[in-house]
Amino acid sequence: QVQLVESGGGLVQAGGSLRLACAASGNIGRINTMGWYRQAPGQRRELVARITSSGNTNYADSVKGRFTISRDNAKNTASLQMTSLKPEDTAVYYCQAEIRPSYTVTYRDWWGQGTQVTVSS
């Protein structure tokens, strides 16, 4: 099986910074894109940032210039550095990865359990 585990959420004041980490483990054959999504109460889950295996990135307009996504292909990890945090960034953040397990030829999306980020004003 495959697992994604996030860490690094917490409570921070507006203007502060947090770093989220995501580690993929298990029977991993190959990982294509990795991304971070978030879901605030009563709202749909939305893309925050995404990075391809070659390092190409894209960001939601609301976080451009404040958040930076990175990954380590050798370690199957991804990170999201968040700066200048705003109360509207408060949400549960989910790590996502498009993974082909070693026992199949098919890619599918895998999700972490989510980590809470709360930004106080």
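Rules used in this analysis
- Along each chain, the written sequence defines residue order, and numbers are assigned to residues from 1.
- Per-residue local features are limited, in this predicted model, to residues with pLDDT of at least 70; the limit for side-chain atom pairs, both in listing and counting, is 80 or more; totals at the level of whole chains, interfaces and linings are taken over all residues.
- Side-chain descriptors were evaluated using all non-hydrogen atoms of the structure, hydrogens and water having been removed beforehand.
- Runs of E in the DSSP output that reach at least two residues are strands. Runs of H or I that reach at least four are helices, and both are numbered from the N terminus.
- Residue exposure (1.4 Å probe, protein chains only): buried if accessible area is under 20% of the type maximum, exposed if over 50%, otherwise partly exposed.
- Throughout, disulfides are identified as pairs of cysteine sulfur atoms within 2.5 Å of each other.

Novice: Would you mind showing me how to read unusual backbone geometry here?
Specialist: One non-glycine residue, N76, lies in the positive phi region at around 55°. Its location among the elements puts N76 in the loop between β7 (67-72) and β8 (77-82). For N76, a relative accessible area of 23% gives the class partly exposed. The backbone phi angle of S84 is positive, close to 45°, even though this residue is not glycine. Here S84 is to be found in the loop between β8 and β9 (91-101). Note on S84: relative accessible area 40%, which makes it partly exposed.

Novice: Teacher, can you tell me more about the state of the cysteines here?
Specialist: What we call a disulfide is simply a covalent bond connecting the sulfur atoms of a pair of cysteines. Under the definition given, this model contains one disulfide. Bridging C22 to C95, the disulfide has an S-S length of 2.0 Å. With the S-S bond torsion at -75°, the cross-link from C22 to C95 turns out left-handed. Highlighted residues: C22 in strand β3 (residues 18-26) and C95 in strand β9, separated in sequence by 73 residues.

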